[in-house]
Amino acid sequence: KGEKMLKKDAGNVRVLEKVNSELFSLTYGAIVTQLLNDFDDPIEVSAQLDKMGYNIGQRIVEEFLAKSNAVTKCTEFKEAIVALSKSGFKMFLGVNAQLSNWSNDETEVSIVFDENPLSEFVELSEKHRSLSFSNVLCGVIRGALEMVFFRTTAMFVKDVLKGDDINEIRVVLKEKM
Amino acid sequence: MLYNFYILSGTGKCLYYEEWQRTKKVNSPEEDQKLMFGLMHSLTAFVTKLSPKPGANLVHFTTDTFRCHVLHAATGHMFVMNTDINVGDSRDVLRHIYSEIYIETVVKNPLHAKTDTITSNSLFKSELNAYLSQIPQFGNIAQPQQS
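Criteria and cut-off values
- Residues numbered from 1 in each chain as written.
- Chains lettered and ligands numbered in written order.
- Predicted model: local features only at pLDDT ≥ 70, side-chain atom pairs only at ≥ 80, totals over all residues.
- Heavy atoms only, no water.
- Helix = DSSP H or I, 4+ residues; strand = E, 2+ residues; numbered from the N terminus.
- Rg over C-alpha atoms; globule rule 2.2 N^0.38 Å.
- Buried < 20%, exposed > 50% of the residue type's maximum accessible area, 1.4 Å probe, protein only.
- Areas by Shrake-Rupley, 256 points an atom, 1.4 Å probe, with all protein chains shown as cover.
- Pairing = 2+ DSSP bridges.
- Axes fitted to C-alpha atoms, helices over the stretch in contact; angles between N-to-C directions.
- Contact = heavy atoms within 4.5 Å.
- Buried area = accessible area lost by both parts, 1.4 Å probe.
- Salt bridge = Lys/Arg side-chain N within 4 Å of Asp/Glu carboxyl O.
- Polar contact = N/O pair within 3.5 Å; in protein donor to acceptor, adjacent residues only side chain to side chain.
- Parallel < 35°, antiparallel > 145°, perpendicular 65-115°, else oblique.
- Left-handed = near helix turned anticlockwise from the far one by under 90°.
- Nonpolar A, V, L, I, M, F, W, Y, C, P; charged D, E, K, R; others polar.
- Patch = residues over 30% accessible without salt bridge, like charges linked within 9 Å, V, L, I, M, F, W, Y side chains within 5 Å.
- Lys, Arg positive; Asp, Glu negative; His and termini not counted.
- Charge placed at Lys NZ, Arg CZ, Asp CG, Glu CD.
- pLDDT = per-residue confidence, 0-100.
- Phe/Tyr/Trp six-rings, centres within 6.5 Å; stacked < 30°, edge-to-face > 60°.

1. Thoughts on the overall build of chain B
Item 1. The number of helices and strands found in chain B is three helices and five strands.
Item 2. Helices and strands in chain B line up, N terminus first, as β-β-α-β-β-β-α-α.
Item 3. A compact globule built from 147 residues should have a C-alpha radius of gyration of about 15 Å, and chain B, at 15 Å, falls within 12% of that.
Item 4. Taken over the C-alpha atoms alone, chain B extends approximately 45 × 40 × 30 Å along its principal axes.
Item 5. Counting the 147 residues in chain B, one finds 46% classified as buried.
Item 6. For chain B, the accessible surface area stands at approximately 7,900 Å², while carbon and sulfur atoms represent 55% of it.

2. Topic: the sheet that holds strand β1 (residues 2–8) of chain B
Residues and elements named next belong to chain B.
Item 1. Pairing in this open sheet of five strands is antiparallel, and the strands run β2-β1-β5-β4-β3 from one edge to the other. At either margin of the open sheet sits one strand with a lone partner, and together these are β2 (14–19) and β3 (60–62). Neighbouring strand axes in the sheet, compared pairwise and without regard to direction, differ in orientation by 10° on average.
Item 2. As paired elements, β1 and strand β5 (residues 78–83) share six bridges and run antiparallel to each other. Residue pairing across strands places Leu2 opposite Thr83, the latter belonging to β5.

3. Structural notes on the interface of chain B and chain A
Item 1. The partner chain A presents 17 residues to the 24 residues of chain B that form the contact.
Item 2. Across the chain B to chain A interface the summed buried area is about 1,800 Å²; carbon plus sulfur atoms make up 52%.
Item 3. Looking only at chain B, the three residues that lose the most surface to chain A are Ala74, Thr75 and Val107 of chain B, adding up to 31% of its buried area.
Item 4. Our enumeration of links across chain B and chain A arrives at one salt bridge.
Item 5. Note that Glu63 of chain A is salt-bridged to Lys108 of chain B, the shortest N-O span being 2.8 Å.
Item 6. For the interface between chain B and chain A, the tally reads five residue pairs in polar contact (both at pLDDT 80 or more).
Item 7. Broken down by secondary-structure element, the contributors of at least two residues to the side of chain B that touches chain A are β4 (67–72) and α2 (91–107) of chain B.

4. Thoughts on the pairing of β2 of chain B
Item 1. By the bridge criterion, five bridges tie β1 of chain B to β2 of chain B in an arrangement that is antiparallel. Paired with Ile7 of chain B across the bridge in β2 of chain B is Tyr16 of chain B.

5. Brief notes about the packing of helix α3 (residues 77–93) of chain A against helix α4 (residues 135–147) of chain A
Residues and elements named next belong to chain A.
Item 1. Orientation of α3 relative to α4, taken along the N-to-C sense of each, is 130°, at an axis distance of 11 Å. Between α3 and α4, the angle is such that the two are oblique. You can see that α3 and α4 cross each other, and the crossing is right-handed. Note on element contacts: α4 touches α3 through Leu137, Ile141 and Leu145, opposite Phe77, Ala80, Ile81, Leu84, Phe89 and Leu93.
Item 2. Taken together, the residues of the contact of α3 with α4 break down into nine nonpolar, no polar and no charged.

6. What about a negative patch on the surface?
Item 1. Where like charges cluster on the molecular surface, the negative patch consists of Glu22, Asp114, Glu115, Glu120 and Asp165 of chain A.
Item 2. Here Asp165 of chain A lies in the loop between β5 (150–158) and β6 (167–176).

7. Let's talk about the confidence of the model for chain B
Item 1. Residues at a pLDDT of 70 or more form 95% of chain B, whose mean pLDDT is 84.
Item 2. For this predicted complex, the interface score ipTM comes out at 0.71, alongside a pTM of 0.79.

8. Some words on the packing of aromatic side chains
What characterises a pair of aromatic rings is the spacing of the ring centres plus the angle enclosed by the ring planes.
Item 1. A complete count under the given rule lists 12 aromatic pairs over all chains for this structure.
Item 2. Their ring planes at 50° and their centres at 5.2 Å tell us that Phe89 of chain A and Phe113 of chain A sit as a pair that is tilted. In this pair, Phe89 of chain A sits in helix α3 while Phe113 of chain A sits in strand β4 (residues 108–113), placing the two residues 24 residues apart along the sequence. Each of the two residues, Phe89 of chain A as well as Phe113 of chain A, counts as buried.
Item 3. Residues Tyr16 of chain B and Phe124 of chain B carry aromatic rings whose centres are separated by 4.9 Å and whose planes lie at 80° to one another, so their mutual orientation is edge-to-face. Note that Tyr16 of chain B is positioned in strand β2 and Phe124 of chain B in helix α3 (residues 123–132), a separation of 108 residues in sequence. For the pair Tyr16 of chain B and Phe124 of chain B, one class covers both residues: buried.
Item 4. In textbook terms, an aromatic cluster arises when at least three aromatic residues are bridged by ring pairs, as seen for Phe5, Tyr16, Phe79, Tyr98, Tyr102 and Phe124 of chain B.

9. Digging into the environment of Asn86 of chain B
Item 1. Position of Asn86 of chain B among the secondary structure elements: in the loop between β5 and α2.
Item 2. Taking the C-alpha atoms as reference, Asn86 of chain B lies 22 Å from Met40 of chain B; in sequence the two are 46 residues apart.

10. A look at the pattern of salt bridges
Item 1. The tally for this structure, following the rule as stated, stands at nine salt bridges over all chains.
Item 2. The salt bridge involving Glu19 of chain B is made with Lys25 of chain B; its shortest N-O contact spans 3.1 Å.
Item 3. The exposure class assigned to Glu19 of chain B is partly exposed, which follows from its relative accessible area of 26%.
Item 4. Under the relative-accessibility criterion, Lys25 of chain B is labelled partly exposed at 42%.
Item 5. Connected via shared salt-bridge partners are Glu63 of chain A together with Glu104 and Lys108 of chain B.

Below you can see the structure in the form of structure tokens.
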């Protein structure tokens, strides 16, 4: 159903608005295409997507905190990234994500997910091999974690679009602010 | 009775201030806001040290003349509200202000940068006042005291 909905139940708790997933992926695709026209360089487009995601992440994190009833502070990186992958991906993308490959000191981890609604209708042509199509997700993760005081880097290491069997985003903790 | 309300950013900037009943006027609101941030900052640090378990949060403190309620958001923002001592636990009130008013009218506004102060003619102010005036124990807040 395409229309945006805002439901309020008896307890006056807002249920998250849903938007049609095709509209969502096509809109995202249109943005990426426009960026490709504007910049002509897949690497630069990936960087722009990351930047856009960063700005989204900085805002979306507050919504996440409020809706998941986890308003107070995360003290550990592990705690934050578990919440992000378990509830955040489900809440905003409707997909299940798993964590794997923790480094020994618990500062590096991979977020793994099979389905990616952003790239549902996408096939990468040869000339766009170096484009990280869903790079906006990395930006969102980086922006969201930075708002709760974890400075990180995030990048796709496996991407179904590039022939891998799963999507994998590697998140590395740089600094606890 | 509701006295006043602050939103302080994690870096000490006062993003929003409003008062309803504040009989004792302050000379410099800026200084008052800075002091409030300093107080909250040190109290929070102290509370964390005292706590037997990690992750303690300040909820409110009470003096013999007023009670100060706090919500410390994970993003570092602090929502602080002063009331008279008959007002009980107000975590739900601050929680509602954060998740239903602040996020909906401020965070989701794409033109609002995160360090901007919230202007006094904003949607936030009207929604905040509409919500607070429904809470009986805050008394009549419809007309802010002028004197």
